[in-house]
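One-letter residues, chain by chain:
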Amino acid sequence: MENRDIARILHETALLLEIDGAIIGRYRSYEKAAELLSSIPEHVEELAKDRAKLTSLPGIGEGMAGHIDEILATGDYSLRKKLLKKYPATILDILSLQGIGPKKVALLWKKFKAGSVEDVAKLAREGKLRDIAGFGEKTEENILKAVEFFQRSSGRVRLDVATNTAAEVAEYIRKLGGKIESVTPAGSLRRGKETIGDLDFLVIPAGRPTQKAIDAIFDHILKFPPIQQVLAHGENKISFLLTNGMQVDVRAIAEESHGAALLYFTGSKEHNVALRGRANAMGYTLNEYALSTLKGERHVASKTEAEIYAKLKLPYIEPELRENTGEIEAAEKGALPKLITLDDIRGDLQMHTTASDGHNSIEEMAEAARDLGYEYIALTDHSKSVTVANGLDEKRTLAQIKKIREAEKRVGGIRLFASSEVDILKDGSLDLHDDVLAELDIVLVSIHSYMNLERAEMTDRILAAIENPYTQILAHPTGRLILKREPYDYDIEKVLDACRKHGVVVECNAAPERLDFRDANLRLAKQRGVKVVISTDAHSTAHFDLMKYGVQTARRGWLEAHDVVNTFPLKKFLSALRPKPARSGEHSTARKATAR
DNA sequence: GCCGTTTTCGGCCCGACTGTTTTCAGTCG
């Protein structure tokens, strides 16, 4: 059983307890246990073999340890099951409606036996909610809007959509010119999460902030044309919905609180809770205005994030690491990674040209890459099985290799690797003959068909592809499409071990609909000693810009420049790849790709 | 249900905003 499965059961128990009217501490203890289990790297199933180890975790006592044992033994938890006899499982969906929390859910259940979003929607439409104590016409209206949103989408958008929207909002806010000191995007966008729920902005008014100045700033922002609905408008916070469905929160904060506010609004919530806990233990309290002493109300630090971390006896923690998944412990030990940056990247190892499904020629891609300052790229058009993408068969691949060699001479100033994104067939064999694979400088492999094989068969298929002596890079390893398609089901740890054994590099595909491997898997790859390559999978020269999303995802996976092979200069990069098999009748060194 | 350089009992992170209320409960991040 995975940690997240146990955490989910405990989390649901906590919500059900809260709906059931349990005292605050009881459900909080379940909530805290769930948060802890989903954040620690150790496998709880292993830890639970030793009761002392389990109860040494903060927030896990004898009682909770017993519950965890029960979940591990039976796959479920009796208290959760008992509560689900009292309430339908769909009651938890109601909590995802904006403006509805456990107390209102409990009330709706008590009064109307409303146990699903549909039940609540019906009551709201019939006007039956407005007369309940604590509700009103406005609440009813808001519930209807929330139901519509719930039914329309999961409420999250991809990182690229959020990044672009945020850029537009920020640009509009900056039109205030001298009236503001700065505007900074925070939240999960700043942490580079693969999907974003809403956008958070921090605005620092220029000079001494008066309510009048803040009001003027908010008045300007609320005139942003794409605003569909204003959700909240207070003294120092506004919140609104854009026509594309994204929610935006803007907070005005005085300059002296910039660091505390940035820390607070960047999150994650879990990281913040952990920091506040640490602050309390050290005799401080932390909020969005400052780190202060618990008693004297004396401000200890507030202007920069680094200052606050320093007072908490921690080095600065990069936003991408702030998920409470061990970064605070690593910071304590001085063991934080020195994260990779976009400037470290020297090449791009997956892209397509007009030969298959790309929009630009070999030359156009090469020139654009050279202009970005790259030292090398690999041209990786699809192989023949991917017919929808006009994949290349053996003959066309050989011709493409020749064209790439000629283009390299013409373009100059950049090394072009003749490569191919070779399809992994259903049985794990590769889509091109060995003698053609032998002609390629780099062999990248990936799956584009039979994505729903059962776990064991899919694992064997990928292992077979890795064991193929020509395979050097495993591209978009899990095949997921964010918000659209689940990853392939296979044993990732087995695959990573095979990659290390055979010197196969795994890809972090930077295309924002993929980001594959994802952050957690990249971290796992690093732990298992597997090298990573970050590639854009560009289908046009414009897509080279997507590299930033791949780097951000790698940073979330705790990767440093030395973990990523396309940060290496040409010669070192080549020696980091799996050596090509010797061709029969030739010396083993003859076909090694060389740094020309 | 957990936990203690304030505590073995009495708290549980904390502040803003809304909508309801007429001083505050509920929700959110």
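The structure presented is a predicted model; accordingly, all values stated were derived computationally and were not measured.

Criteria and thresholds
- Residues numbered from 1 in each chain as written.
- Chains lettered and ligands numbered in written order.
- Predicted model: local features only at pLDDT ≥ 70, side-chain atom pairs only at ≥ 80, totals over all residues.
- Heavy atoms only, no water.
- Helix = DSSP H or I, 4+ residues; strand = E, 2+ residues; numbered from the N terminus.
- Rg over C-alpha atoms; globule rule 2.2 N^0.38 Å.
- Buried < 20%, exposed > 50% of the residue type's maximum accessible area, 1.4 Å probe, protein only.
- Contact = heavy atoms within 4.5 Å.
- Near = heavy atom within 4 Å.
- Polar contact = N/O pair within 3.5 Å; in protein donor to acceptor, adjacent residues only side chain to side chain.
- Domains from an automatic or database assignment.
- Axes fitted to C-alpha atoms, helices over the stretch in contact; angles between N-to-C directions.
- Parallel < 35°, antiparallel > 145°, perpendicular 65-115°, else oblique.
- Left-handed = near helix turned anticlockwise from the far one by under 90°.
- Nonpolar A, V, L, I, M, F, W, Y, C, P; charged D, E, K, R; others polar.
- Lys, Arg positive; Asp, Glu negative; His and termini not counted.
- Salt bridge = Lys/Arg side-chain N within 4 Å of Asp/Glu carboxyl O.
- Pairing = 2+ DSSP bridges.
- Arc of directions from axis to C-beta.
- Right-handed = clockwise from strand over helix to strand, strands pointing away.

Caption draft 1: Looking closely at the overall build of chain A. When helices and strands are counted, chain A shows 25 helices and 17 strands. Against the compact-globule benchmark of 25 Å for 596 residues, chain A has a radius of gyration of 27 Å, which places it among compact chains. For chain A, the spread of C-alpha atoms along the principal axes amounts to about 85 × 65 × 55 Å. Per-residue burial for chain A yields a buried fraction of 53% across its 596 residues. Here the analysis covers contacts within chain A between residues at least 6 apart in sequence; of these, 67% occur between residues at least 24 apart.

Caption draft 2: Focus on the protein's contact with DNA strand B. Around DNA strand B, the surrounding shell holds 45 residues, and the nearest of these are G99, G136, H233, Y264 and R276. Of all DNA strand B atoms lying within 4 Å of any protein atom, the proportion belonging to sugar or phosphate reaches 73%. At a separation of 3.0 Å, a phosphate oxygen of DNA strand B approaches a polar backbone atom of K103. A distance of 3.0 Å is found between a phosphate oxygen of DNA strand B and a backbone nitrogen or oxygen belonging to K237.

Caption draft 3: Structural view of the domain arrangement of chain A. The domain boundaries assigned to chain A delineate domain 1 (3-133), domain 2 (157-253), domain 3 (258-332) and domain 4 (342-576). Averaged C-alpha coordinates put domain 1 and domain 2 at centres separated by 33 Å.

Caption draft 4: The environment of Y549, seen in detail. Mapped onto the fold, Y549 is located in helix α24 (residues 547-556). Distance in space between the C-alpha atoms of Y549 and L453 is 29 Å, their sequence separation being 96 residues. Among residues more than four places away in sequence, those in contact with Y549 are L159, D160, T163, N164, A510, P512 and L515.

Caption draft 5: Up close: the environment of L336. With respect to the helices, strands and loops of the structure, L336 is situated in the loop between α17 (327-332) and β11 (347-348). The spatial distance from the C-alpha of L336 to the C-alpha of A121 is 48 Å, given a sequence separation of 215 residues.

Caption draft 6: Up close: the packing of helix α1 (residues 3-19) against helix α5 (residues 62-74). α5 packs onto α1 with a crossing angle of 120° between their chain directions and a minimal axis gap of 11 Å. Taken together, the axes of α1 and α5 lie oblique to each other. As α1 packs across α5, the resulting crossing turns out to be right-handed. From α1, I6, I9 and L10 reach across to α5, where they touch M64, I68, I71 and L72. For the contact of α1 with α5, the residue count by class is seven nonpolar, no polar and no charged.

Caption draft 7: Geometry of the side chain of E421. Following the sequence through the fold, E421 ends up in strand β13 (residues 415-423). Despite its burial, E421 pairs with no opposite charge; the closest candidate is R514, at 6.2 Å N-O. Sequence-distant contacts of E421, that is, excluding residues within four places in its chain, are made with Q350, H352, T380, D381, H382, S383, L444, S446, H448 and H476.

Caption draft 8: Representation of the environment of R322 in the model. Here R322 shows up in the loop between α16 (305-311) and α17. Separated by 131 residues in sequence, R322 and R191 have C-alpha atoms that sit 7.3 Å apart. Filtering out sequence-adjacent residues up to four positions away, R322 remains in contact with R190, R191, L263, T266, G267, S268, H271, E305, Y309, Y316, I317 and E327. Polar side-chain contacts of R322 include one of 3.4 Å to the side chain of Y316.

Caption draft 9: The pairing of strand β7 (residues 247-252), seen in detail. In terms of residue burial, β7 counts as a mostly covered element, since six of its six residues are buried. Going residue by residue along β7, you find Q247, D249 and R251 tucked away on one face and V248, V250 and A252 tucked away on the opposite face as well. Where strand β6 (residues 237-242) folds back on β7, the antiparallel hairpin that results is connected by four residues, among which G245 adopts a positive phi of roughly 95°.

Caption draft 10: Just the sheet that holds strand β8 (residues 284-286), in detail. Strand order in this open sheet of three strands is β8-β9-β10, and the pairing throughout is antiparallel. In the strand order of this sheet, the two ends are held by β8 and β10 (299-301), each with one partner. With strand direction ignored, the average angle separating the axes of adjacent strands in the sheet is 35°. Taken together, the two bridges between strand β9 (residues 291-293) and β10 define a ladder with antiparallel strand orientation. Bridge pairing in β10 places S292 opposite H299.

Caption draft 11: Focus on helix α13 (residues 211-221). Looking only at α13, the buried set comprises I214, I217, F218, H220 and I221. Along the axis of α13, the buried residues cluster in a sector spanning 160°; they form a single face. Elements in contact with the buried residues of α13: α11 (159-174), β2 (180-185), β4 (198-205), β5 (227-233), β6 and β7.

Caption draft 12: Looking closely at the pairing of β13. The buried count for β13 comes to nine of nine residues, which makes it a mostly enclosed element. By the alternation rule, side chains of β13 split into R415, F417, S419, E421 and D423 and L416, A418, S420 and V422, which are all buried. Across seven bridges, the pairing between strand β12 (residues 376-382) and β13 is parallel. Across the sheet, residue H382 finds its bridge partner in β13, namely E421. Chirality of the crossover, the property in question, places the unit of β12, helix α19 (residues 394-411) and β13 among those that are right-handed. In the sheet, β13 pairs with strand β14 (residues 442-446) via five bridges, with the strands oriented parallel. By the bridge assignment for β14, S420 is matched with V443.

Caption draft 13: Up close: the sheet that holds strand β16 (residues 505-509). Pairing in this open sheet of seven strands is parallel, and the strands run β11-β12-β13-β14-β15-β16-β17 from one edge to the other. Each edge of the open sheet carries a strand with a single partner, namely β11 and β17 (532-535). With four bridges joining them, β16 and β17 adopt parallel strand pairing. Following the sheet pairing, C508 is matched in β17 by I534. In the packing of helix α18 (residues 362-371) onto the sheet, contacts are made with β12 and β13, and the angle to β12 comes to roughly 150°.

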